Amino acid sequence: MRKRRNDFIQLSILVVLGTAVVLSLVLPQLPGRSREVQLLEVSVIFRETDAALWSNTRLGMEQAAGDLGAELRFLTLTRAGDGGEQAEILRREAAGGANALVVVPADPWELSSRLGETAGGCPVVSIESPMEGTGLTVAPDNEALGRKLAETVLEEWTGGMVLLLDTAGESTGVAARLDGAEAVLTAAGVPVLRQTAAPGRLAAGLRVLASVRAAAAIMAFEPYATEQAIRAVEDGGLHQLVYGVGAGTYVVGALERGSAAAVAAWSDYAAGYLAAEGAIRLARREEYTAEPLPFTIVRGEDIYDPDNQKLLFPVTS
Amino acid sequence: MGNFFHRFAGRLAGQYRKMSIQMVIALSFTTVAVVGVVFMGLSMVLRFSNAASALVEDNTQRVLHQVNLNLDSYLRRMMRISDTMYYRVIKSTDLAGGTLSDGMDLLYEENRDALVSIAVFDGGGALVSAAPLSALKRSALPQESGWFRSAMDKMENLHFSAPHVQRLFEDPDYRYRWVVSLSRYVQLTRGGATESGVLLVDMNFAGIEQVCRDVELSNGGYLYLIAGDGELIYHPRQQLIYAGLQQENNQAAASYRDGTRWETFEGGRRQVTVKTVGYTGWKLVGVVPADNLADSSQQPLLFGVFLLLFSAFLLAFLNFRISAYISDPIRRLEQSIKELEAGKENVEIEEAAGCYEVRRLSHSIRSMVSTMRHLMDDIIEQERQKRRSELEVLQAQINPHFLYNTLDSVIWMTEAGRYDEAIQMVTSLARFFRIALSRGKSVIPLKDELEHALHYMTIQEIRFKKKFSTRITAHPGTEGLYTLKLIVQPILENAVYHGMAAAEDDGRITVDARREGDDLIIDVEDNGMGMRPEVAASLLDEDRPEMRTTGSGIGVRNVHRRIRLAFGAGYGLTIFSEPDEGTRVRLRLPALDEEAAAERRREDGP
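Residues numbered from 1 in each chain as written. Chains lettered and ligands numbered in written order. Predicted model: local features only at pLDDT ≥ 70, side-chain atom pairs only at ≥ 80, totals over all residues.

(A) Representation of the overall build of chain B. Scanning chain B from terminus to terminus reveals 17 helices and 18 strands. Residues counted as buried form 34% of the 606 residues belonging to chain B. Looking at chain B alone, contacts between residues at least 24 apart form 68% of all its contacts between residues at least 6 apart. (Helix = DSSP H or I, 4+ residues; strand = E, 2+ residues; numbered from the N terminus. Buried ≥ 20, exposed ≤ 12 C-beta atoms within 10 Å, placed from the backbone. Contact = placed C-beta atoms within 7 Å.)

(B) Quick look at the nonpolar core. In terms of nonpolar packing, the biggest core is built from 161 residues, with Val42(A), Leu101(A), Met219(A) and Ala276(A) touching the most fellow members. A per-element tally of this core places helix H12 (residues 268-283) of chain A first, with eleven residues. Lining this core are residues from two domains, each supplying at least three of them: domain 1 (38-139 + 268-286) and domain 2 (142-265) of chain A. Excluding anything up to four places from it in sequence, Ala276(A) contacts Val42(A), Met61(A), Ala64(A), Ala65(A), Ala70(A), Leu72(A) and Val102(A). Ranked by size, the runner-up nonpolar core spans 45 residues in total, among them Val443(B), Leu446(B), Met457(B) and Tyr482(B). (Core = buried A, V, L, I, M, F, W, Y, C linked by C-beta atoms within 7 Å. Domains from an automatic or database assignment.)

(C) Region of interest: the sheet that holds strand E10 (residues 260-265) of chain A. All names here are of chain A. Read from one edge to the other, the open sheet built from six strands follows the order E7-E6-E8-E9-E10-E11, with strand pairing classed as mixed. Two strands bound the open sheet, and with one partner strand each, they are strand E7 (192-196) and strand E11 (296-299). Geometrically, the sheet is characterised by an average inter-axis angle of 20° between neighbouring strands, direction not taken into account. Pairing geometry for strand E8 (residues 215-219) and strand E9 (residues 241-245), over three bridges, is parallel. Residue pairing in the sheet places Ile 218 in a bridge with Val 242 of E9. This element, helix H7 (residues 142-156), spans strand E6 (161-166), E8, E9, E10 and E11 of the sheet and lies at about 160° to E10. Relative to the sheet, helix H11 (residues 249-257) contacts E9, E10 and E11, its axis offset from that of E10 by approximately 140°. (Pairing = 2+ DSSP bridges. Axes fitted to C-alpha atoms, helices over the stretch in contact; angles between N-to-C directions.)

(D) Region of interest: the interface of chain B and chain A. Between chain B and chain A, the contact holds 33 residues from the first and 32 residues from the second. Among the elements that line the side of chain B that touches chain A, the one with the most residues is helix H9 (residues 298-341) of chain B, at twelve residues. For the side of chain B that touches chain A, the residue count by class is 21 nonpolar, nine polar and three charged. (Nonpolar A, V, L, I, M, F, W, Y, C, P; charged D, E, K, R; others polar.)

In short, geometric facts, not functional conclusions.
This is the structure in structure tokens:
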């Protein structure tokens, strides 16, 4: 009896040790441990015909893709702001095997209404404009941004009407900025004119601006419209100061030159990084949320402040 | 604490006492082996991790050294450009009649890959000459810039600025480029007179970035460059840090001296190596997260763990086999001895396999058992001899007076002419002695014993002149039975000398032999004076002092002792007596047939 118990104890010890030996040998070879992180495909669809304005955003996205293991595909529209085409591209990318989609929506309402059929369950991250059905929106607090920009206008306003350029449709984040600005200005008794215009026509559409020569200031609420407005003002020899959004080279130059009074800027690089990171993590079924992007109002005389330098002039090689 | 250890030691000792030798050997050896292996493993892990850490540290320092060399080379180039500009162009040019532009343009063209601009300002900050752009921005205020003030404050030094966006010149392409400014105080010559000035060489930051970029440290480490005040100059994730998406411990690193140290940042430990870049006070910082170190050493560590576990397994297996090799023969010996203890006969103590000591022990036990058996045989034989001697002594206790009296009676009868009675007495005496001897046998047929009793009584009747009569009866069923020799005659002797002492021709003695089951009962009864029951009971008392009696001299108690000695306590004598009534002595013996009698004789020996 005792011998049998002893034999059992010894056998148990040998079995435990033997199992540990086998495990230590096999564990490193297990497929789960050595598996490479699966490379995801993420499609990024802009609303413009050219993604040059989003160059820093793209850099941030590429950094995130490199960090987290994804391949990016950048797509633009043949006609700027064409929501239908954008929806079609979205559908095509989702059907083509994209693991996640990042979109700067041209028409968020339309896109969100068709998201079920276009994305087909593929996680979608929206930049700039909140959109129903998306997993994440990467944008500053648009309304707060509009209000803050309007407050900057008020600091220098001495009278006259302020022209508000509505270039991105009523239902976008851009519209929220515009609404915020309009609310502040109206509350302050500043006369405003909300002028709808397609951003692509601003540069050439001096007539639009000529009609408002009496305006004291022009406010644009998205980078492309801001650049176009500045070009229109500079090329047209207009005297109005432009208050806009974005930190493109031309816009910063205008700030330095004095053509633009102030811009609301945020790190496009950070926006791109967060959008791509969110898309990749959502594609991997991980929880992911993003706080609204912090923004800064930069005046012409402040562009060389060390912090603003980092914001406005990304260190890229 | 001491109490705990005391209890623990006590419990261990208790377990130890309960454990078999195999378990003690196997478990203690295995425990020692495993502890040794674990100790070795921990030592190996410690040494390995120290070596890995030292290797990474060494690698980082090499890389940092190389990057430092490259940076140094880059900065030296800038300094050479600055020196060339100052000593070959500025010092050889009188601004009153000449211009710096040609030399400056030439120098810029030669080094445009690394330069953004070269410019000379006078002591008031006015632009003297610049290449490639020559128009200052309206907003530019050189005299208020840090690089200008540093040059004017410390004239003998070259001053490297932190990276910044160049904001001096109008650029038709609206390019804003990050530069590192190298400024120095210069003496300008104008109309033969010297005046103060500042030479500014703006290096393209991309050049520095290029030196630092693509540098990979082992184990996923990275490198960054900071100014003396901790401001980031280059970081592989500079934009993320600027955007607030990532943090770096650059301010703390600015306070580190050159060398390697460990720091904890954002909950993670990292190995940080710092090297100061010459001329600038900048610091190159190499960072290797400890997690990455652990990841890279995981495979070798797992292999080490495998080796250790395999060693432990092998040692345990060997220990178990060795302990079994030692203890199995001992266990078999123990089993054999247990069987011996239980009284099993013919237990064979096998010659044990195993190690020398166990074989010796087995051999010794075999010898001991053999000796023990011989001793036991000797003891049995000695007991047998002793019993036989005792029997013989008891049987030999025939009172010589009986023989003397009998022979005296024969003489007397012969002298009296009673030849027939003399002959009968002599004949009975001869027969009496022949049966008494019985060729030395202790067990004789019942009929011989009764015949022996009859002859005795014949002699006694003649001697006592027929004062009593005798009847001896063997009942059916007693034929062929055997009995101890000389057990009836001593009883008869007592009956004659004690019971018939007062008889006057009416004495009667009867002997009845019968079988009761497996027992043989012999009743010897007389109608003599009898005795009180307590006296009768005391006759068989072993503590009663020995008393010599008249007659044959073989006492009743001797008969009782002999029967019990031969057959056990269940047999012997029982005396029934009443005063004036007579006495009956009952002998109870096993009913021995011829075969049992023969077996009895064999046991008693020849």
